[in-house]
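The lines below spell out each chain.
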Amino acid sequence: MVDVAAMRNPVEAAPSDAIISCRNLWKVYGNGASGLTGDLDLTPEEIAARGWVAAVRNASLQIRRGEVFVIMGLSGSGKSTMVRLLTRLIDATAGQIMVDGQDMLQLNDQKLLELRKRKMGMVFQHFALLPNRTVLGNIAFPLQIRGASPQECEARARELVEVVGLKGRENNYPSQLSGGQQQRVGIARSLAGDPELWFLDEPFSALDPLIRNDLQDELLRLQSKLGKTVVFITHDLDEAIKLADRIAIMDHGEIVQIATPEELVLNPANDFIRRFTSKVPLAKVVKVGTIAIRKPDLPSILPTVDEASTVEEVASAFRDHQGPIGVTSSGKLVGTVDRDQLYRVLSGTI
Ligand code: ADP
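Throughout what follows, the structure given in this document is the object of discussion. Since this is a predicted model, take the numbers as computed values, not measurements.

Parameters at a glance
- Residues numbered from 1 in each chain as written.
- Predicted model: local features only at pLDDT ≥ 70, side-chain atom pairs only at ≥ 80, totals over all residues.
- Heavy atoms only, no water.
- Phe/Tyr/Trp six-rings, centres within 6.5 Å; stacked < 30°, edge-to-face > 60°.
- Helix = DSSP H or I, 4+ residues; strand = E, 2+ residues; numbered from the N terminus.
- Buried < 20%, exposed > 50% of the residue type's maximum accessible area, 1.4 Å probe, protein only.
- Axes fitted to C-alpha atoms, helices over the stretch in contact; angles between N-to-C directions.
- Parallel < 35°, antiparallel > 145°, perpendicular 65-115°, else oblique.
- Left-handed = near helix turned anticlockwise from the far one by under 90°.
- Contact = heavy atoms within 4.5 Å.
- Nonpolar A, V, L, I, M, F, W, Y, C, P; charged D, E, K, R; others polar.
- Pairing = 2+ DSSP bridges.
- Near = heavy atom within 4 Å.
- Polar contact = N/O pair within 3.5 Å; in protein donor to acceptor, adjacent residues only side chain to side chain.
- Areas by Shrake-Rupley, 256 points an atom, 1.4 Å probe, with all protein chains shown as cover.
- Patch = residues over 30% accessible without salt bridge, like charges linked within 9 Å, V, L, I, M, F, W, Y side chains within 5 Å.
- Salt bridge = Lys/Arg side-chain N within 4 Å of Asp/Glu carboxyl O.
- Lys, Arg positive; Asp, Glu negative; His and termini not counted.
- Charge placed at Lys NZ, Arg CZ, Asp CG, Glu CD.

**Some remarks on the packing of aromatic side chains**
Overall, the coordinates contain 2 aromatic pairs when judged by the stated rule. Ring geometry for Phe-204 against Phe-232: centres 5.8 Å apart, planes inclined by 55°, an arrangement best described as tilted. Here Phe-232 lies in strand β8 (residues 229-234) and Phe-204 lies in the loop between β7 (197-201) and α7 (209-226), a separation of 28 residues in the sequence. With respect to class, Phe-204 is no different from Phe-232; both count as buried.

Below, the structure written as structure tokens:
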């Protein structure tokens, strides 16, 4: 049996690790709510009694440099508001947001624009491309606004056309592209300025499942190649689990749990998350390292799998192999797993 309680609890990132850190963030809508100041301590009942809506309620989170951080929740749970607060497209009612050491709420308009231009790329679900510009023209647009030379714009746009797999479509107009291709242009455009922080708000939700799956793979490929910090919003748990290093689950404006996909499934913070994650196949999230029997000084054993692989990923290694398989951590043999353990995860009985 896996000792779930002994699993690593979600830890708050050390400040040196965090590119975004927000504390006690609130966004309250309604008559008179804009006059609220200071630390807020409002109960849901007090908010409802005043006819207000707390789109984000007392949210704190830290996003680590280089991770894929997914914010997920049902429609209306506050995800879009959260991402708009983090980028300060809207102002918070209360709380603090630090982005790469800068206090977002203290920046004047010019500094804010600079920070967005220098550090942030954004993709939204309905990310309108400019209809009278070609693929190249659309991708180059943010660079043009920034005053880059025509040669620089063209070279960078051509590079990005390749990165997002649109070679041959350079001179097409948006109306000549499919929805998936248009979203690839949007992705390329958001990468034009080489942002460190990449915000994607439901970017694939309007696409067909197959195209969506392709673009998710593409995003993972780009992220591992480019090493961006990704903040990805979705209402789709499968998408969250596929993409995330860590997931923040929102419910009625609150962040209920921040955890890895594995932790969410094995150690849900409350019944809402337990119900929410109950259909996720364990093999998709449970890491080999979690079920490995750790042994010091093991003799060499083959084959081996990395402890960070999921059970689903390594199941095929057992197809032609009866005995235990080695588990490695940073290349070093640390333990073993056997067929029986794997079977228990695959059958959902750990
Ligand atoms: P999600 O992105 O998870 O669907 P949103 O952040 O869009 O959720 O919305 C969270 C809540 O805040 C919803 O109840 C929504 O109706 C409310 N809300 C969002 N924007 C506004 C606004 N400008 N005025 C009033 N209420 C809003």
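Still more ground to cover, so stick around.
**So, the packing of helix α4 (residues 135-145) against helix α6 (residues 179-191)**
Remark: α4 packs on α6, axes separated minimally by 7 Å, with the N-to-C direction vectors making an angle of 30°. One element, α4, and the other, α6, form an angle in the roughly parallel class. Remark: the crossing between α4 and α6 carries right-handed chirality. Here Val-135, Asn-138, Ile-139 and Pro-142 of α4 come into contact with α6, specifically with Val-185, Ala-188 and Arg-189. A per-class count over the contact of α4 with α6 returns 5 nonpolar, 1 polar and 1 charged.

**Let's talk about unusual backbone geometry**
Of note in the backbone geometry, Asn-58 takes a positive phi value of approximately 50° without being a glycine. Positionally, Asn-58 belongs in strand β2 (residues 53-64). A positive phi is found at Glu-202, a non-glycine position, where the angle reads about 45°. You can see Glu-202 is positioned in the loop between β7 and α7.

**A closer look at the sheet that holds strand β6 (residues 120-124)**
Across the sheet, 6 strands lie side by side as β6-β7-β8-β3-β9-β10; this open sheet has mixed pairing. In the strand order of this sheet, the two ends are held by β6 and β10 (254-259), each with one partner. Strand after strand, the sheet turns through a mean of 15° between neighbouring axes, direction not considered. Bridging between strand β3 (residues 68-73) and strand β9 (residues 246-251) involves 5 bridges; their strand directions are parallel. Within the sheet, the bridge partner assigned to Gly-73 lies in β9 and is Met-250.

**Description of the site of the ligand**
Around the ligand, the surrounding shell consists of Tyr-29, Val-53, Ala-55, Leu-74, Ser-75, Gly-76, Ser-77, Gly-78, Lys-79, Ser-80 and Thr-81. At 2.7 Å, a backbone N or O of Gly-76 approaches an oxygen atom of the ligand. The backbone of Gly-78 places a nitrogen or oxygen atom 3.0 Å from an oxygen atom of the ligand. Relative to its unbound accessible surface of 570 Å², the ligand loses 57% to contact with the protein.

**Considerations on a negative patch on the surface**
Taken together, Asp-39, Asp-41, Glu-45 and Glu-46 make up a surface patch of like negative charges. Relative to the helices and strands, Asp-41 resides in the loop between β1 (18-29) and α1 (44-49).

**Comments concerning the pairing of β6**
In terms of residue burial, β6 counts as a mostly covered element, since 5 of its 5 residues are buried. On β6, burial covers both faces: Met-120, Met-122 and Phe-124 on one face and Gly-121 and Val-123 on the other are all buried. Summarising the sheet, β6 and β7 pair through 5 bridges and their orientation is parallel. Directly across from Phe-124, in β7, lies its bridge partner Asp-201.

**Focus on the side chain of Arg-88**
Looking at the element boundaries, Arg-88 is found in the loop between α2 (79-86) and β4 (94-99). Arg-88 gets classed as buried once you look at its relative accessible area, which sits at 12%. A polar side-chain atom of Arg-88 sits 3.0 Å from the main-chain carbonyl oxygen of Leu-107. Excluding residues that lie within four positions of it along the chain, Arg-88 makes contacts with Met-104, Leu-105, Gln-106, Leu-107, Leu-112 and Arg-116.

**Describing the sheet that holds strand β12 (residues 304-306)**
Reading across from one edge, β11-β14-β13-β12 is the order of the 4 strands in this open sheet, with mixed pairing throughout. The two strands at the open ends of the sheet, each matched to only one other strand, are β11 (293-294) and β12. With 3 bridges joining them, β12 and strand β13 (residues 325-329) adopt parallel strand pairing. What sits directly across from Thr-304, in β13, is Gly-326.

**A few points about the packing of α4 against helix α5 (residues 150-163)**
Where α4 meets α5, the closest approach of the two axes is 9 Å, and the angle between their N-to-C directions is 125°. Comparing the axis directions of α4 and α5 gives the class oblique. Crossing geometry of α4 relative to α5 is assigned as right-handed. Packed against α4, whose contacting residues are Val-135, Leu-136, Ile-139, Ala-140, Leu-143 and Gln-144, the element α5 presents Cys-153, Glu-154, Arg-156, Ala-157, Arg-158, Leu-160 and Val-161 at the interface. Taken together, the residues of the contact of α4 with α5 sort by class into 9 nonpolar, 1 polar and 3 charged.

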